Amino acid sequence: MAALHSHTLSQIRDLLAAKKVTAEEVVTDCIAQIRATEPSIQALLFRNDEAALNQAREMDKQGPQPGQLLWGVPILLKDVLTTKGIPTTCGSKMLKDFTPCYDAYLVARLKEHGAIILGKNNMDEFAMGSSTENSAFGPSRNPWNPDHVPGGSSGGSAASVAACQAFAAVGTDTGGSIRQPASFCGIVGLKPTYGRVSRFGLIAYGSSLDQAGPMARTVEDTALILDIIAGHDPQDSTSVNISVPDYAAALTARTDLQGIRIGMPKEYWGEGLAPEVAEACNQTIEQARRLGAEIIPVSLPHTSYAIATYYIIAMAEASSNLARFDGVRYGARDTTADDLLGMYTKSRSTGFGEEVQRRIMLGTYVLSAGYYDAYYKKAAQVRRLIRQDFLDALSQCDVLAGPACPTTAFALGENTADPLQMYLTDIFTISLNLSGLPGLSLPIGLGKDSGLPVGLQLFGSKFGETSLLQIAHVLEQHTPRLPFPQGLVDSTI
Ligand code: GLN
């Protein structure tokens, strides 16, 4: 039998429910895998080993509970989600001593279903970044090649899941932070429709863009997590009160792509796209055609404005959201200043890293009286046009498909000297957040030049997660499964 940690979430859940393994055995095995792999990938900011083991032992005494869909399954959480009694830092010195007194809504849901929280994942500070290199606690590394980034900002979560430290993780996506690291690490990552998953307890970066979602090794596992975390929560006024379908059960309803129309936005296949990424994506589109899908060329004409629009809106919202971290209401206080203003200034300049400070300043600038119309208001208008592009394209097809990222995982340090270069790597993911629509990155193979994972991105209609997951599931069944990253996962024991 394969090592416990290299099972899928769905397999381990069934073994646990059938009492073929105990929760203690599964947790012990994942902790051993964390010990073995952390030195190479540095994906965790907090390890909950002892509490997780105690919880597992207690649960084993009671035995599996029928209504608990994740009974005994170890999972990980991005460190931007509040966890009662477990430190939550957002990858920032500002919150280095913060232990929340409540669980995020989605964390409470996972716990109700018997999931065991194994730890908290590293991330770019306050989710601002595309590589985890902005974490105040040092970068994580890509399990496929430790000299490369795992992506970001949910890079720790993607690296952990790819290295089988846990069976799934929950990340957050403001401009691609679930899909891009999923693509770089060869796992599945889903950004749900804005409003599908409650943001209560998700420490805000860009409130109109932020959305939490599952990161797992298969589409089925992704659906199983979404089944639990999706749903209405009165504590988040943007959470939508519509029923939650059974996403995992719906997967079996489709075995081919007959009758499915897949749009290929022409702007996603041009300049800047690495040939190895284009080739892998094209092969999968060809496979979709063989499975019965009709491939339709479409256009998203405002794509070239997406980076500028996103970074104005995200920074504006960040500058407002992060105002609360002043050393008084929230955040670490610098005690060396002689007066109040000095205390604010020092707390904020020592608590926040360089990228966060850059964004607060730019965000404050675009919201200031003299520049609001020229920047923020204009960006809000262009955002509508970008959203309309998606609605028009999706009126002709069921989903859109394109690369998740222009390249495979870049090397550590490759983009750090030039923030603009780093922002440009988000070109294929950010439009979706501006539109509020759901998107998924599916691992489709290894790039023939870099040997690193490539992700195909599928974009769906509002609350269209069911068909997005179904189509991804069919493609997954007809794509050779990626091996485990070499040297990190023992799948043969
Ligand atoms: N890379 C983007 C940014 O830095 C997206 C981050 C995210 O989705 N949290 O804003």
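In what follows, the structure referred to is the one given above.
Presented here is a report on the structure given in the accompanying data block. (Residues numbered from 1 in each chain as written. Predicted model: local features only at pLDDT ≥ 70, side-chain atom pairs only at ≥ 80, totals over all residues. Heavy atoms only, no water.)

### A closer look at the pattern of salt bridges
Inclusion rule: Whenever Lys or Arg places a side-chain nitrogen within 4 Å of a carboxyl oxygen from Asp or Glu, that contact is recorded as a salt bridge. Any residue under 20% of the maximum accessible area for its type is buried, any over 50% is exposed, and the rest in between are partly exposed; the area is computed with a 1.4 Å probe on protein chains only.
Counted according to the given criterion, the structure contains 20 salt bridges. Here Glu 267 makes a salt bridge to Lys 266, at a shortest N to O gap of 3.8 Å. Here Glu 267 falls in the partly exposed class, since its relative accessible area comes to 24%. The residue Arg 329 makes a salt bridge to Asp 326 at a minimum N-O spacing of 3.0 Å. A relative accessible area of 54% means that Arg 329 is categorised as exposed. Put simply, Glu 354, Glu 355, Arg 358 and Arg 359 are held in one network by salt bridges that share partners.

### What to know about the nonpolar core
So the rule is basically this: Throughout, nonpolar core names a set of buried Ala, Val, Leu, Ile, Met, Phe, Trp, Tyr and Cys residues whose side chains join them through atoms within 4.5 Å. We count a stretch as a helix when DSSP gives it H or I for four or more residues in a row; a strand needs E for two or more, and each element gets its number in order from the N terminus. Whether two residues touch is decided by their heavy atoms; if any such pair falls within 4.5 Å, the residues are in contact.
Of all hydrophobic cores here, the largest spans 140 residues; its most connected members are Leu 106, Leu 110 and Phe 126. Considering every element that reaches this core, the biggest residue donor is helix H10 (residues 306–321), with 10 residues. Dropping the residues within four chain positions of it, Leu 106 is found in contact with Leu 77, Leu 81, Val 170, Val 197, Ser 198, Ala 212 and Ile 229. Listed in part, the 10 residues of the second largest apolar core include Trp 144, Ala 409, Phe 410 and Leu 482.

### Some points on the packing of aromatic side chains
What characterises a pair of aromatic rings is the spacing of the ring centres plus the angle enclosed by the ring planes. Put simply, the rule reads: Only rings of Phe, Tyr and Trp enter the pairing, Trp through its six-membered ring, and a pair is recorded when the two centres are within 6.5 Å. The plane angle decides the type: under 30 degrees is stacked, over 60 is edge-to-face, the rest tilted.
Evaluation of the coordinates by the stated rule reveals 15 aromatic pairs. On the basis of an interplanar angle of 70° and a centroid distance of 5.8 Å, the ring pair of Phe 126 and Phe 352 is categorised as edge-to-face. Here the residue Phe 126 occupies a position in the loop between strand S3 (116–121) and helix H5 (155–162), and Phe 352 occupies one in the loop between helix H11 (340–351) and helix H12 (354–367), the gap between them amounting to 226 residues. On the basis of an interplanar angle of 45° and a centroid distance of 5.9 Å, the ring pair of Tyr 365 and Tyr 375 is categorised as tilted. Of this pair, Tyr 365 sits in helix H12 while Tyr 375 sits in helix H13 (residues 373–394), and the two are 10 residues apart along the sequence. Linked through ring pairs, Phe 126, Phe 325, Tyr 330 and Phe 352 together constitute an aromatic cluster.

### Things to note about the site of the ligand
Heads up, the rule is: Note on terminology: near, applied to a residue and a molecule or strand, indicates that one of the residue's heavy atoms is within 4 Å of it. In protein, a polar contact means a hydrogen-donor-capable atom and an acceptor-capable atom, both N or O and within 3.5 Å, with residues adjacent in sequence counting only if both atoms are side-chain atoms; elsewhere, any N or O pair within 3.5 Å suffices. For the area figures, the Shrake-Rupley method with a 1.4 Å probe applies, and any residue is considered shielded solely by the protein chains shown. Here the nonpolar group is Ala, Val, Leu, Ile, Met, Phe, Trp, Tyr, Cys and Pro; Asp, Glu, Lys and Arg are the charged ones; every other residue, Gly included, is treated as polar.
Around the ligand, the structure places 15 residues, and the nearest of them are Thr 174, Gly 175, Ser 177, Tyr 205 and Tyr 310. Take Tyr 205: an N or O atom from its side chain is 2.6 Å from an oxygen atom of the ligand. Note that an oxygen atom of the ligand is positioned 2.9 Å from one of the side-chain N or O atoms of Arg 359. When the free accessible area of the ligand is taken as 290 Å², the share hidden by the protein chains comes to 99%. Residue composition of the shell around the ligand, by class: five nonpolar, seven polar and three charged.

### Digging into the sheet that holds strand S2 (residues 74–78)
The condition that has to hold: If DSSP finds at least two bridges between two strands, the strands pair. For helices, the axis comes from a line fit to the C-alpha atoms of the stretch in contact; other axes are also lines fit to C-alpha atoms, and the angle between any two N-to-C directions lies between 0 and 180 degrees.
Across the sheet, which stays open at both edges, the 11 strands sit in the order S1-S3-S2-S4-S6-S5-S10-S11-S9-S7-S8 with mixed pairing between neighbours. Looking at which strands have only one partner, the edges of the open sheet turn out to be strand S1 (44–47) and strand S8 (294–298). For this sheet, the mean inter-axis angle between neighbouring strands, taken without regard to orientation, is 30°. Pairing of strand S10 (residues 439–446) with strand S11 (residues 453–459) involves seven bridges; the strand directions are antiparallel. Its bridge partner being in S11, Leu 446 is matched across the sheet by Pro 453. Of the strands in this sheet, S1 and S3 are in contact with helix H3 (residues 49–62), which crosses S3 at around 165°. Along the sheet face, helix H7 (residues 219–229) touches strand S4 (168–173), strand S5 (188–191), strand S6 (211–216) and S10 and points at about 145° away from the line of S6.

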